[in-house]
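# Structure at a glance
Letter by letter, the chains look like this.
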Amino acid sequence: MSELSFAELGLDPAVLEAVSAVGYETPTPIQAQTIPALLAGKHLLGVAQTGTGKTAAFALPLLSRIDASVTDPQILVLAPTRELAIQVAEAFTTYASKFRNFHVLPIYGGQDFFPQIKGLRRGAQVIVGTPGRMLDHLRKGTLKLDGLKALVLDEADEMLRMGFIDDVEAILAKTPQNCQRALFSATMPPQIKKVANTYLRDAVEVRIESETRTVERISQFVLPVYAERKLDALTRILEVEPFDGAIIFVRTKAETTLLAEKLSARGHAVAPLNGDLNQRQREQTVEDLKSGKKDIIVATDVAARGLDVPRITHVINYDVPYDTEAYIHRTGRTGRAGREGKAILLVTPRERSWLRTLERATNSPMQAYQLPSPVELKKMREEQFETQLLGFAEDGKLAKAMALLDEIAERNEMDTAMVAGALACWLEASQPGSLPLEQPEALPEISANAPPRRERQGGRPGGKPGYKPGFKKGPKGRGGPGPKGKPPGKGGKPAGKRPPRQADAKR
Ligand code: AMP
């Protein structure tokens, strides 16, 4: 991540306010390089993948340069698909949320012309759309580009691959001479270079290079998962991985808190680590992880910079990092002091192309992470339950507890086994998932070669800025509802000696 803050980049105050509201801590590398160039009015050629933060890299400076009070189209973004157009439009809407009377209009093929024409008549400062439909509107005269200040070609190589390059060139030819232009592409095939040479003369070039480095001693795994199931997958990873300390990386400060709360509700000793905490609070959090008071930290890249806690056995990349540099830094939080470490990366289908870049950069292919099947998981839970139970078998209070159960059984003409069963159900109700009474559900698998499903929200990392579908939907509790008509006492948690720490930590 960059050392610069957003405030130092010279963005419009209203844009800066929106960025802060969305919770971004610092500019990603592409943003740090792109924003000053675009703010200076230069053309820009960006070689970067999805997931690097490139939408904000062009949206923030371009929004800072327009006259928000004028309702004519001032920024035009061309995207290869309707889904991408919608996502980019959503991103612009978020970054422009502090402007008054501001409109962002997505226009794409497959949708009725009428609402698009209505939107264009009403006025929109930003138009985001697919090339074919955009050209239709230009030809019909329903879209006019006289006041256009900037044009962005997003995922240019995809537009080429999908056969839109002629439409793109036709649109480029209709933009005003003095219009600023930016082109983003993951690769630079000759036709794209030709477009760049013709329409983006003297462009500033920004490349988010992948460094070749090997992360030694750390086994690296990848788990493809749909964005909306990320939390379920994480919950399961934490259940089955024999970790000592773990660090989970997310993208925003808000997410550190949200995810930490969710994991805490699942019984983990977890704390967030982000830039909103003051120095003393951060030190305390790290100290808690070192001492074992906490087992998991949910952190942003910035807050975890340089973190050195030998007991971190696992790094979980809940959100993909912005670049390979950040990935290498994250991964290096484990395998400290010559120990072994494990890194697990969750990727959504759209982020898979990024994975290949990463493998090249770290010089090692990632292994596929296997989540246990429901049957294996049930067996594992049964074994863990047994271990926990046996942890109480030598408890000094056992005799008293047995005598009490005998009394209850006798008074109620029950078997002792029945009383023990009722006790287990009570335990399950007060600590959902503490007892494998239910068969766990299977998580939907994405095969390594499955074609990417263009997810409307969340397919790109996070979908809408600051929005993570994984957080929207709580996972299904493993064992049903919490205590109904809670019996007296302290939530049903057995007193006395705690079971072995490892099994306990996973609960
Ligand atoms: P993109 O590469 O534009 O698809 O962006 C990927 C994701 O990163 C989106 O979910 C954005 O909301 C998020 N994002 C972009 N810039 C930042 C930043 N500086 N800090 C945190 N998250 C960001």
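Residues numbered from 1 in each chain as written. Predicted model: local features only at pLDDT ≥ 70, side-chain atom pairs only at ≥ 80, totals over all residues. Heavy atoms only, no water.

## Some thoughts on helix α12 (residues 279-291)
Short version of the rule: The helix and strand labels rest on DSSP assignments: H or I over at least four residues marks a helix, E over at least two residues marks a strand, and numbering proceeds from the N terminus. Working rule for helices: expected span equals 1.5 Å times residues minus one. Categorising residues by exposure relies on relative accessible area from a 1.4 Å probe, with only protein chains included: less than 20% of the type maximum marks a residue as buried, more than 50% marks it as exposed, and the intermediate range marks it as partly exposed. Working note: the arc is built from the helix axis to C-beta atom directions. Note on definitions: a residue-residue contact is assigned when non-hydrogen atoms from the two residues lie within 4.5 Å. Any N or O atom pair separated by 3.5 Å or less is treated as a polar contact, with the protein-specific requirement of one donor-capable and one acceptor-capable atom, and with residues adjacent in sequence counted only for side-chain atom pairs.
The terminal C-alpha atoms of α12, which comprises 13 residues, lie 18 Å apart, in line with the 18 Å expected from a rise of 1.5 Å per residue. Buried within α12 are the following residues: Thr-285, Val-286, Asp-288 and Leu-289. Burial along α12 is one-sided: seen end-on, the buried residues are contained in an arc of 155°. The exposed residues of α12 that point more than 90 degrees off its buried face are Gln-279, Arg-280 and Ser-291. Residues of α12 that are buried make contact with β10 (270-273), β11 (296-299) and β12 (312-317). Where α12 begins, one side-chain oxygen reaches toward the backbone nitrogen of Arg-280, 3.1 Å away; that side chain belongs to Asn-278. Gly-292 occupies a position one or two residues after α12 and carries a positive phi of about 90°.

## Brief notes about the sheet that holds strand β1 (residues 44-47)
Threshold: Whether two strands pair comes down to DSSP finding at least two bridges between them. Angles run from 0 to 180 degrees between N-to-C directions of axes, and those axes are lines fitted to C-alpha atoms, restricted for helices to the stretch in contact.
What the seven strands build is an open sheet, ordered β3-β4-β2-β5-β6-β1-β7; its pairing is parallel. Two strands close off the open sheet at either side, each with one partner strand: β3 (104-107) and β7 (204-207). Ignoring strand direction, the axes of neighbouring strands in this sheet form an average angle of 15°. Pairing of strand β2 (residues 75-78) with strand β5 (residues 150-153) involves four bridges; the strand directions are parallel. For Leu-78, the partnering residue across the bridge sits in β5 and is Leu-153.

## Re the nonpolar core
Filter applied, for reference: Residues enter a nonpolar core if they are buried and are Ala, Val, Leu, Ile, Met, Phe, Trp, Tyr or Cys, with the set joined through side-chain atoms within 4.5 Å.
Membership of the largest hydrophobic core comes to 45 residues, with the highest contact counts inside it found for Phe-58, Leu-60, Leu-63, Phe-92, Phe-102 and Val-128. Elements with a minimum of two residues in this core: α1 (13-22), α2 (29-39), α3 (54-65), β2, α4 (82-95), β4 (126-129), β5 and β6 (180-185). Setting aside residues no more than four positions away along its own chain, Phe-58 makes contact with Leu-38, Val-77, Val-88, Phe-92, Val-152, Asp-154 and Phe-184.

## Examining the sheet that holds strand β13 (residues 341-347)
What the seven strands build is an open sheet, ordered β10-β11-β9-β12-β13-β8-β14; its pairing is parallel. Each edge of the open sheet is held by one strand with a lone partner, namely β10 and β14 (367-368). Sheet topology places β12 next to β13; four bridges connect them, and they run parallel. If you follow Val-315 over to β13, its bridge partner there is Ala-343. Sitting on the sheet, helix α13 (residues 324-331) is in contact with β8 (218-224), β9 (245-249), β12 and β13, with an inclination near 150° to β12. Those strands touched by helix α14 (residues 352-362) are β8 and β13, and its axis lies near 155° from that of β13.

## Considering the packing of helix α16 (residues 398-411) against helix α17 (residues 416-430)
The condition is simple: These descriptions rest on fixed angle ranges, namely under 35 degrees for roughly parallel, over 145 for roughly antiparallel, 65 to 115 for roughly perpendicular, and the rest for oblique. The hand of a helix crossing depends on one turn: near helix anticlockwise from the far one by less than a right angle means left-handed, and clockwise means right-handed. Here the term charged refers only to Asp, Glu, Lys and Arg, the term nonpolar to Ala, Val, Leu, Ile, Met, Phe, Trp, Tyr, Cys and Pro, and the term polar to all other amino acids, Gly among them.
Two elements in contact, α16 and α17, have axes separated by 9 Å at closest approach and are oriented at 110°. Looking at the two axes, α16 sits roughly perpendicular to α17. Helix-helix and strand crossings are classified by hand; for α16 and α17 the assignment is right-handed. Contacts from Leu-405, Asp-406, Ile-408 and Ala-409 of α16 reach α17 at Thr-416, Val-419 and Leu-423. Residues belonging to the contact of α16 with α17 are distributed by class as follows: five nonpolar, one polar and one charged.

## Notes on the side chain of Asp-232
Checked against the element boundaries, Asp-232 lands in helix α10 (residues 230-240). Residue classification places Asp-232 among the buried residues on the basis of a relative accessible area of 9%. At a separation of 2.7 Å, a polar atom in the side chain of Asp-232 contacts the side chain of Arg-229.

## Details of the UniProt feature "domain: DEAD-box RNA helicase Q" (unreviewed entry) in the protein
Defined as follows: UniProt positions are given in the numbering used here, feature names are shortened, and annotations may be inferred rather than shown by experiment.
In the numbering adopted here, UniProt assigns the feature "domain: DEAD-box RNA helicase Q" (unreviewed entry) to residues 4-32. Across residues 4-32 one finds 48% helix and 0% strand; the C-alpha atoms that close the span lie 7 Å apart.

## As for the pattern of salt bridges
Heads up, the rule is: We define a salt bridge as a contact between a side-chain nitrogen of Lys or Arg and a carboxyl oxygen of Asp or Glu at a distance within 4 Å.
Tallying each qualifying case throughout the model produces 17 salt bridges. Here Asp-136 ties to Arg-133 by a salt bridge, and the two come within 4.0 Å at their closest N and O atoms. With Asp-136 and Arg-133 both in helix α6 (residues 131-140), this residue pair falls three residues apart, about one helical turn. The class of Asp-136 is partly exposed, set by a relative accessible area of 31%. In the salt-bridge network here, residues are joined through shared partners; they are Lys-54, Asp-154, Glu-155 and Arg-350.

## Notes on the side chain of Glu-25
Locating Glu-25 in the fold gives a position in the loop between α1 and α2. At 2.6 Å, the side chain of Glu-25 and the backbone nitrogen of Gly-275 are in polar contact. Side chain to side chain, Glu-25 and Thr-300 meet in a polar contact 2.8 Å long. Glu-25 has contacts with Phe-6, Lys-253, Asn-274, Gly-275, Asp-276, Thr-300 and Val-302, leaving out every residue within four places of it along the chain.

## A short note on the environment of Glu-351
Residue position: Glu-351 is located in the loop between β13 and α14. Along the sequence, Glu-351 and Gln-49 sit 302 residues apart, while their C-alpha atoms lie 9.0 Å from each other.

## Some words on the environment of Cys-179
In this structure, Cys-179 sits in the loop between α8 (165-174) and β6. Its relative accessible area of 1% is what places Cys-179 among the buried residues. Between the C-alpha atoms of Cys-179 and Lys-149, which are 30 residues apart in sequence, the distance is 4.9 Å. Setting aside residues up to four positions removed in sequence, Cys-179 forms contacts with His-43, Leu-148, Lys-149, Ala-150 and Leu-151.

## Section: the packing of aromatic side chains
Cut-off, in case you're wondering: Think of it this way: a Phe, Tyr or Trp ring, Trp meaning its six-membered ring, pairs with another when their centres are within 6.5 Å, and the plane angle makes it stacked under 30 degrees, edge-to-face over 60, tilted otherwise.
Within the structure shown, the criterion is met by five aromatic pairs. Geometrically, the ring pair formed by Tyr-24 and Tyr-95 is edge-to-face, given 6.2 Å between the ring centres and 65° between the ring planes. Of the two residues, Tyr-24 sits in the loop between α1 and α2 while Tyr-95 sits in helix α4, which places them 71 residues apart along the sequence. Among the aromatic side chains, those forming a connected cluster through ring pairs are Phe-58, Phe-92 and Phe-184.

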